[in-house]
Each structure stands twice: as structure tokens, then as C-alpha cells.
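Per-entry structural report
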Amino acid sequence: MKKVTITHATSFALMLGLAGCAAPGGGSIYVPMGGSEQPRAPEPPETSAPETSEPKVWRKSEQPQVNEPESEQPSRSPSYRESGDELPAAAVALIRDADQRLQQGDSAGAISRLERAQRVAPRSAEVYFKLAEAYVAGNNLGAAEQFTLKGLSLAGNDNRMQRSGWLLLADIRRARGNVAGASQAEDRARAL
């Protein structure tokens, strides 16, 4: 009995669903407001000759370029891509504390201090290289490689920092068993 009731209920629901989808008169369900007229796009406004009383507004892209002599341009400090950021005193203190913790064998404490230093100086390659060293001490070579690569991206044109980063990366890759990657990193260090 239950099977027959379920079959009848399913059939009834299916018929209701199909009846709801059917449109009256076999036409489209959608009927635009306002009858069957085709709406037309409005005509574009007519332009007239510009009046001379209004000043012409120049867009920056339409303005003529003026080449100024290079000697008149003020000297600027190099961007972080060129030199890397200077470390604030707080970051230096945190790095010193992390170095002491690493010497004592507390890699987790060193990582904690260096992560704080990273928040203080997020654009400093030195902090990222120190973090990589701490992760090497904690035997997390994957994270160490990633922090080294981030430090290299922030080292800018500082050859000393670039060289130390590439050598650190070579050591990490060699420890992970990536001899070819280590050789490439050493070649990059030698090229500097």
C-alpha cells in the first residue's frame, strides 16, 4: 500500500512540475512591459561647436610631454628593490635574541623571535635569511628554502646579501638532496 501511495504522490508532483513549466497559449512566458512594440535606443545627443567661453579641460594623457633636464630632478633614495630596507632597532634586538636561542639549541624560540622581527621589518632580506637558518636548525628544510627565496627577492641590488642568500639556498637544497639546484644556486653566488 505504501509503495502505491509513494508512486501516486511522485506522479502527482511530476505532473504539477510540468504544468507549472507550460506557458499559456504555447507562447513565450516573458512579455515585455508596454505591449509588443520594439523599444528603440535613444538618439545620441547632437554635438555643437565648443564655445570659447569655457576653458578646455586637458586629460593627463592628452597633455604634451615636457622633458625636464635630468640635473633638475631631485635626488631620491633607492627603493627597497634596489637596496633592501634598513633594520629598525627592535628587529635588530629580536634577531640577536634569536641568535642566542639558536646557539642554545632552541630553534622554536628562535623562530618565534624571528617571526616577530619579520612583522617589525617585513621587507628586510636579512630577517628572512635568519628565519631560513632557524628553520634549518629545526629540520624544516622546505620552509627554510621558501624563506630564503623570499629573502632573495627582497635583497635588491645588495651583492653581499644576494651572495649570502644564494649560498644559503645551495646548502638547503643540498641537504634536501637537490644537488642540481644546489649547483645552480652556487653558480648564481659566484656570478655576483
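Everything numeric in this text was worked out from a predicted model, so none of it was measured. Sequence order sets the numbering: in each chain, residues are counted from 1 along the sequence as written. Since the coordinates come from a predicted model, pLDDT governs what is reported: local features require at least 70, and pairs of side-chain atoms require 80 or more to be given and counted, while whole-chain, interface and lining totals use all residues. Excluded from the side-chain calculations are hydrogens and water; all other atoms, namely the structure's heavy atoms, are used.

Examining the overall build of the protein
The helix count covers DSSP runs of H or I at least four residues long, the strand count covers runs of E at least two residues long, and both are numbered beginning at the N terminus. What the protein contains, in helices and strands, is eight helices and zero strands. In this scheme, a residue with accessible area under 20% of its type's maximum is buried, one over 50% is exposed, and one in between is partly exposed, where area comes from a 1.4 Å probe on protein chains only. Counting across all 192 residues of the protein, residues that qualify as buried make up 24%. In what follows, a contact means two residues having at least one pair of non-hydrogen atoms within 4.5 Å. Residue pairs in contact within the protein that sit at least 24 positions apart in sequence constitute 51% of those at least 6 positions apart. Surface accessibility follows the Shrake-Rupley procedure with a 1.4 Å probe radius. Residue values consider only the protein chains on display as shielding. Counting every atom, the protein has about 14700 Å² of accessible surface; 54% of that belongs to carbon and sulfur.

A few points about the side chain of Glu145
With respect to the secondary-structure elements, Glu145 resides in helix 6 (residues 141-154). Between N or O atoms, a polar contact is any pair within 3.5 Å; within protein, one atom must be a potential hydrogen donor and the other a potential acceptor, and residues adjacent in sequence are included only when both atoms are from side chains. Within polar-contact distance, the side chain of Glu145 engages the side chain of Arg176 at 2.6 Å. Beyond its immediate stretch of four places on either side in the chain, Glu145 contacts Leu169, Ile172, Arg173 and Arg176.

As for the nonpolar core
General note: in soluble globular proteins, nonpolar side chains tend to be found buried as a group. Judged by nonpolar contacts, the single largest core of 32 residues is most densely connected at Tyr135 and Phe147. Put simply, the parts of the chain that give this core at least two residues each are helix 3 (89-103), helix 4 (107-120), helix 5 (125-137), helix 6, helix 7 (159-175) and helix 8 (179-191). For this core, the leading source of residues is helix 5, giving eight residues. Apart from residues no more than four positions distant in its own chain, Phe147 is found in contact with Gln118, Tyr128, Leu131, Ala132 and Tyr135. Only buried residues count toward a nonpolar core. Its members are Ala, Val, Leu, Ile, Met, Phe, Trp, Tyr and Cys residues joined through side-chain atoms within 4.5 Å.

So, the pattern of salt bridges
Take a side-chain nitrogen of Lys or Arg and a carboxyl oxygen of Asp or Glu: if they are within 4 Å of each other, that pair is a salt bridge. Within the structure shown, the criterion is met by nine salt bridges. Ionic pairing is found between Asp106 and Arg101, a salt bridge with its closest N-O pair at 3.3 Å. Salt bridges linked by common partners bring Asp97, Arg101, Asp106 and Arg113 together as one network.

What about the packing of aromatic side chains?
Side-chain rings of Phe, Tyr and Trp, where Trp is taken by its six-membered ring, are said to pair if the distance between their centres is within 6.5 Å; with planes under 30 degrees apart they count as stacked, over 60 as edge-to-face, and otherwise as tilted. Overall, the coordinates contain two aromatic pairs when judged by the stated rule. Ring centres 5.3 Å apart and planes at 5° place the aromatic pair Tyr135 and Phe147 in the stacked group. With a gap of twelve residues between them, Tyr135 in helix 5 and Phe147 in helix 6 connect regions that are remote in the sequence. Judged by its relative accessible area of 18%, Phe147 falls in the buried class. Taken together, Tyr128, Tyr135 and Phe147 form an aromatic cluster joined through their ring pairs.

Brief notes about the side chain of Ser107
Position of Ser107 relative to the elements: it lies in helix 4. Judged by its relative accessible area of 18%, Ser107 falls in the buried class. With sequence-adjacent residues up to four places away left out, Ser107 is seen in contact with Leu102, Ala134, Ala137 and Gly138.

Observations concerning the environment of Ala93
Mapped onto the elements of the fold, Ala93 is located in helix 3. Exposure remark for Ala93: the relative accessible area of 41% places this residue in the partly exposed category. Between the alpha carbons of Ala93 and Ala117 there is a distance of 8.6 Å; along the sequence they are 24 residues apart.

Quick look at the packing of helix 5 against helix 6
Between helix 5 and helix 6, the least distance of the axes is 8 Å, while the angle of their chain directions is 165°. When the axis of helix 5 is compared with that of helix 6, the two are roughly antiparallel. Relative to helix 6, the crossing made by helix 5 is left-handed. Taken together, the residues of helix 6 that come into contact with helix 5 (itself represented by Ala125, Tyr128, Phe129, Leu131, Ala132, Tyr135 and Val136) are Leu141, Ala143, Ala144, Phe147, Thr148, Lys150, Gly151, Leu152 and Leu154. Axis definition: a line fit to C-alpha positions, over the contact stretch in the case of helices; interaxial angles, taken between N-to-C directions, run 0 to 180 degrees. An angle below 35 degrees is treated as roughly parallel, one above 145 as roughly antiparallel, one from 65 to 115 as roughly perpendicular, and anything else as oblique. Note on convention: the crossing is left-handed when the near helix lies turned anticlockwise from the far helix by less than a right angle, right-handed when the turn is clockwise.

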